[in-house]
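An overview of the molecular structure
Spelled out from the first residue to the last, the chains are:
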Amino acid sequence: MTLPGPLGTPRRRGAAALAAAAVLGVLAVVLLGAGLARTGTGELRIPAAGPTTLLRILLLAGLAVAVGELAGARLAGPGPLPRPLAAPGALLAAAASAGLLLLLAAVSGLSLPVVYGLREGRLLLVTANACLLAAVCAASRRPGLAALPLAAAVVAEALRAHPETAGFGVGTGLTVVHLTGASLWTGTLLYVLRVLRLRGGGRGVLLRYARMAACVYAALAATGTASTLRRLPLEAVLATAYGRVLLVKLVLFGGASLLALAARSRLMSGADAEPPARVELAVLAVIVALSALLTVVPDPHWVRY
C-alpha cells in the first residue's frame, strides 16, 4: 500500500505538477514573450507589454471560466456539481478590463475622461460593465441570464481587436466565433474535470463534452485559419513578433488537438480519459496566454515591407 505524500495521492501530485507547469508557462509568456518575439524584427519596444499581457490573460481566463461553466452545467447532467465559479470568473474579467482602462490612461498620459472617449476606452468600459452584469446574473437564481452580457463582452473584445474595421466586419465576426469557441473549449473542459473529480468519474459527462468539443474545434480551426490568412502576410510570418507568436500558438494548438484525440480514443475504449484531458487543459492555459500576447504585439497588417 502506498501512503499519500504531502500533496495527496499520485493523481493529485500529477495534477499539481501540471498546474505548476501551466503557471510557469503563462508567467514566461508574460515576462519574456513580447521581448523574445520582437528580437531581430526591428519593431519598437511595446510600452507596458508585460502588464498588458497579464491583464489580457486574466480577461480571457475570466471569460473562459464564466462561459465554460454555463455550458458545462448543461453537460453535467444529474448529480453533485462543483462550487460555482462563473461569478468570480466574470468579476475577474471585469477587474482586468478596468485595469486595462487604467493602464491605457497611464501609458498614453491622458486623463480618464479623455480615455473614455477613445474607441478602445469605450470598448473596455463596455467589456467591464458587461462582465460585471454577468457576475450579478451568475450569482442570481437564474445564472443562465449571464449568457447575454457575456456575449456583449465577447463582441466588445472582438471589435477592440479589429480597429481597422469601422463597424462589425468580417474580421470582427471571425473573432467573435473564435473567442467564443476558445472560451467554450478551455472553460468547459475545466468545469468537466472539476465535475469528474467531485463525482469520482463520469463517462457520460465526458462523452457529452467530447461531442460539443468536436463542433467547437471545427469552428476554431476554420475561424483561426481565415483570420490568419486575412491578417498575416506570408512575408511577415517569421519577420514579425505577431507571426512568431502565432507559430508557437499553432504548434501548441496541434499538441492540444492530439491530446484531445488521445482522450477521446481512451474514452471510446473504456480507459481513463482524464490524464490526457488534464494535460490538454494545461496546454490550453498557455495557448490562452499566447492569444493574449497576440493582442499586445504589433498587428502585421499595418507593417510595411
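Quick note: structure is the one above.
Our subject in this report is the structure included herewith. This structure is a prediction, so every number in the text was calculated from the model and none was measured.

All right, on to the packing of aromatic side chains then. Summed over the entire model, instances satisfying the criterion amount to three aromatic pairs. Arranged with centres 5.4 Å apart and planes meeting at 5 degrees, the rings of tyrosine 217 and phenylalanine 253 form a pair that is stacked. Of the two residues, tyrosine 217 sits in helix α8 (residues 203-231) while phenylalanine 253 sits in helix α9 (residues 241-268), which places them 36 residues apart along the sequence. Among the residues examined, tyrosine 217 registers a relative accessible area of 31% and is labelled partly exposed. What links up through ring pairs into an aromatic cluster is the set Trp185, Tyr217 and Phe253.

This part covers the nonpolar core. Counting residues in each nonpolar core, the largest one holds 55 residues, and the members touching the most others are Leu63, Leu150, Trp185, Leu189 and Tyr209. Mapped onto this core, the elements with two or more residues apiece are α2 (49-76), α3 (86-108), α5 (119-138), α6 (147-161), α7 (170-199), α8, α9 and α10 (274-294). For this core, the element with the most residues is α3, which contributes ten residues. Residues Ala49, Ala158, Val288 and Ala292 belong to the second largest nonpolar core, which totals 27 residues.

With that out of the way, let us pick up the pattern of salt bridges. Counted according to the given criterion, the structure contains four salt bridges. Ionic pairing is found between glutamate 157 and arginine 56, a salt bridge with its closest N-O pair at 3.2 Å. Here glutamate 157 is found in helix α6, whereas its partner arginine 56 is found in helix α2, with 101 residues between them in sequence. Given a relative accessible area of 5%, glutamate 157 falls into the buried group.

What follows is about the side chain of threonine 188. Looking at where threonine 188 falls in the secondary structure, it is placed in helix α7. For threonine 188, a relative accessible area of 0% gives the class buried.

The phi torsion of most residues other than glycine is negative, and most of the peptide bonds are trans. For alanine 48, which is not a glycine, the phi torsion comes out positive at approximately 55 degrees. Here alanine 48 lies in the loop between α1 (10-38) and α2. When its relative accessible area of 22% is taken as the criterion, alanine 48 is described as partly exposed.

With that settled, the discussion passes to α6. Relative to the 21 Å expected for 15 residues at 1.5 Å per residue, α6 spans 21 Å between its end C-alpha atoms, a close match to the ideal helical length. Restricting attention to buried positions, one finds in α6 the residues Pro149, Leu150, Ala153, Val154, Ala156, Glu157, Ala158, Leu159, Arg160 and Ala161. Those residues of α6 that are buried are in contact with α2, α5, α7 and α8.

Relative to the helices and strands, alanine 147 resides in helix α6. For the pair alanine 147 and alanine 71, spaced 76 residues apart in sequence, the C-alpha separation works out to 9.8 Å.

As a further point, take α7. Spanning 30 residues, α7 covers 43 Å between terminal C-alpha atoms, matching the ideal 44 Å at 1.5 Å per step. Following α7 by one or two positions, glycine 200 has its phi on the positive side, about 75 degrees.

Counted by the stated rule, this structure contains zero disulfides. Here cysteine 137 stays unpaired: no disulfide links it, and the sulfur of cysteine 131, its closest cysteine neighbor, is 12 Å away.

Between α2 and α7, the shortest axis-to-axis distance is 6 Å and the interhelical angle comes to 60 degrees. Compared by their axis directions, α2 and α7 come out oblique. Considering the relative orientation of α2 and α7, their crossing is right-handed. Residue-level contacts link Leu60, Leu63, Ala64, Val65, Val67, Gly68, Glu69, Ala71, Gly72, Ala73, Leu75 and Ala76 of α2 to Leu179, Ser183, Leu184, Thr186, Gly187, Thr188, Leu190, Tyr191, Arg194, Val195 and Arg199 of α7. Its residues placed into classes, the contact of α2 with α7 shows 14 nonpolar, six polar and three charged.

Cut-offs used in this document
- Residues numbered from 1 in each chain as written.
- Predicted model: local features only at pLDDT ≥ 70, side-chain atom pairs only at ≥ 80, totals over all residues.
- Heavy atoms only, no water.
- Phe/Tyr/Trp six-rings, centres within 6.5 Å; stacked < 30°, edge-to-face > 60°.
- Helix = DSSP H or I, 4+ residues; strand = E, 2+ residues; numbered from the N terminus.
- Buried < 20%, exposed > 50% of the residue type's maximum accessible area, 1.4 Å probe, protein only.
- Core = buried A, V, L, I, M, F, W, Y, C linked by side-chain atoms within 4.5 Å.
- Salt bridge = Lys/Arg side-chain N within 4 Å of Asp/Glu carboxyl O.
- Expected span 1.5 Å × (residues − 1).
- Contact = heavy atoms within 4.5 Å.
- Disulfide = S-S within 2.5 Å.
- Axes fitted to C-alpha atoms, helices over the stretch in contact; angles between N-to-C directions.
- Parallel < 35°, antiparallel > 145°, perpendicular 65-115°, else oblique.
- Left-handed = near helix turned anticlockwise from the far one by under 90°.
- Nonpolar A, V, L, I, M, F, W, Y, C, P; charged D, E, K, R; others polar.

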